[in-house]
Amino acid sequence: MKRRISRLVKKLLVYSRLDKWIADQFQKSELHLLKRLIPDRTFYKPTDTRRVLRKGAFFEVHPADFSQWLLFAGDNFEHVEAALKVLAPDPEGLILDIGANCGHFSMVLAQKISERKWKNQIISFEPNPRIFALLEKNLKINPDLDNIIHLVNKGVGKEKGVLQLQIPIRNSGAASLVKNYEHEPHEKHEIEKHAKQNIQFLG
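Residues numbered from 1 in each chain as written. Predicted model: local features only at pLDDT ≥ 70, side-chain atom pairs only at ≥ 80, totals over all residues. Heavy atoms only, no water.

### Overview of the overall build of the chain
Next, step 1: Helix and strand counts for the chain come out as seven helices and eight strands.
Next, step 2: Classification of the 203 residues of the chain by burial places 44% in the buried group.
Next, step 3: For the chain, the share of sequence-separated contacts (at least 6 apart) that also reach a separation of at least 24 residues comes to 68%.
Next, step 4: In the structure as shown, the chain presents an accessible area of about 11700 Å², 54% of it carried by carbon and sulfur atoms. (Helix = DSSP H or I, 4+ residues; strand = E, 2+ residues; numbered from the N terminus. Buried < 20%, exposed > 50% of the residue type's maximum accessible area, 1.4 Å probe, protein only. Contact = heavy atoms within 4.5 Å. Areas by Shrake-Rupley, 256 points an atom, 1.4 Å probe, with all protein chains shown as cover.)

Here is the structure:
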């Protein structure tokens, strides 16, 4: 009975779009009770979208996608904090985001770089054409980061080539060149792989 009530509440939150308010409040307060109220990805349709502000950057996300739901729920920024710890106080280096997805790492890190007035540049590689379109959209709604982030719709490897990328429909972050997803809904894309030794000529 308790589980049924919980599911009903979460369905109502999604239907009324109060789920975004709950997720935003958790982002601000980190109250455990609020986190428990955030509907998980199974409550969403693939076409559902939410626009959120996370760590100073705006994102349009599809919460039905697990990788993007993590961003929506506002509970996965350890990789950005780790990157900031190893960057020099005023660097002029190049940062590569290989497999950028919707820009979770790139946008938040670029926002921190902008706030600190550093001179870093970020190259964001995303081979999935569908997710790349979302990545482009997210950069457009963060125009102040346009001079920091450079987008490339390719993968990165030792040599140039064209390979088949398999992407689970409900988790674009689990895309793979080798894993077989025939047992679950997925899509396949022929993607171009960029040779890593040529990255220095991009920008």
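Read on for the rest.
### Quick word on the packing of aromatic side chains
Next, step 1: Enumeration according to the criterion identifies two aromatic pairs in this entry.
Next, step 2: Centre to centre, the rings of tyrosine 44 and phenylalanine 72 are 6.1 Å apart; their planes meet at 75°, and the pair counts as edge-to-face. Here tyrosine 44 is found in the loop between helix 3 (32-37) and strand 1 (50-54), whereas its partner phenylalanine 72 is found in helix 4 (residues 66-73), with 28 residues between them in sequence.
Next, step 3: Look at tyrosine 44 and you get buried, because its relative accessible area is 4%.
Next, step 4: With a centroid separation of 6.3 Å and 15° between ring planes, the pair formed by phenylalanine 66 and tryptophan 69 is classed as stacked. With phenylalanine 66 and tryptophan 69 both in helix 4 and three residues apart, the pair spans about one turn of that helix.
Next, step 5: Since its relative accessible area comes to 31%, phenylalanine 66 is described here as partly exposed. (Phe/Tyr/Trp six-rings, centres within 6.5 Å; stacked < 30°, edge-to-face > 60°.)

### Here we look at the side chain of glutamine 27
Next, step 1: Its place among the elements puts glutamine 27 in helix 2 (residues 18-29).
Next, step 2: Since its relative accessible area comes to 16%, glutamine 27 is described here as buried.
Next, step 3: Ignoring anything within four residues of it in the chain, the contact list for glutamine 27 reads Arg54, Lys55, Gly74 and Phe77.

### Details of the nonpolar core
Next, step 1: Counting 40 residues, the largest nonpolar core has Ile38, Phe59, Phe72, Met107, Leu109, Ile122 and Ile149 as its most contacted members.
Next, step 2: Within the residue set of this core, elements represented by two or more residues are helix 1 (2-16), helix 2, strand 2 (57-61), helix 4, helix 5 (78-86), helix 6 (104-116) and helix 7 (129-140).
Next, step 3: No other element matches the six residues that helix 6 contributes to this core.
Next, step 4: Discounting residues that sit within four places of it in the chain, isoleucine 149 has contacts with Ser106, Met107, Ala110, Ile122, Ser124 and Leu139. (Core = buried A, V, L, I, M, F, W, Y, C linked by side-chain atoms within 4.5 Å.)

### Quick notes on unusual backbone geometry
Next, step 1: Positive phi values are uncommon outside glycine, yet arginine 17 reaches one of about 65°.
Next, step 2: When you line up the elements, arginine 17 lands in the loop between helix 1 and helix 2.

### Thoughts on a nonpolar patch on the surface
Next, step 1: Together, Met1, Ile5 and Val9 make up a nonpolar patch on the protein surface, roughly 320 Å² of accessible area in all.
Next, step 2: In this fold, methionine 1 is placed in the segment before helix 1. (Patch = residues over 30% accessible without salt bridge, like charges linked within 9 Å, V, L, I, M, F, W, Y side chains within 5 Å. Salt bridge = Lys/Arg side-chain N within 4 Å of Asp/Glu carboxyl O.)

### Considerations on the sheet that holds strand 5 (residues 149-152)
Within a beta sheet, neighbouring strands are joined by backbone hydrogen bonds and run either parallel or antiparallel to one another.
Next, step 1: The strand order across the open sheet built from three strands is 3-4-5, with neighbouring strands paired in parallel fashion. Either end of the sheet is taken by a strand with one partner, and the two such strands are strand 3 (94-98) and strand 5. Across the sheet, the axes of successive neighbouring strands diverge by a mean angle of 20°, strand direction being ignored.
Next, step 2: Where strand 3 meets strand 4 (residues 121-125), five bridges bridge the pair, whose relative direction is parallel. Residue pairing for strand 4: aspartate 97 is matched across the bridge by serine 124.
Next, step 3: Contacts between helix 7 and the sheet are confined to strand 4 and strand 5, with strand 5 contributing the most and set at about 160° to the helix. (Pairing = 2+ DSSP bridges. Axes fitted to C-alpha atoms, helices over the stretch in contact; angles between N-to-C directions.)

### Some thoughts on the environment of glutamate 30
Next, step 1: As for its placement among the helices and strands, glutamate 30 is situated in the loop between helix 2 and helix 3.
Next, step 2: For the pair formed by glutamate 30 and glycine 74, sequence separation is 44 residues and the distance between their alpha carbons is 9.1 Å.

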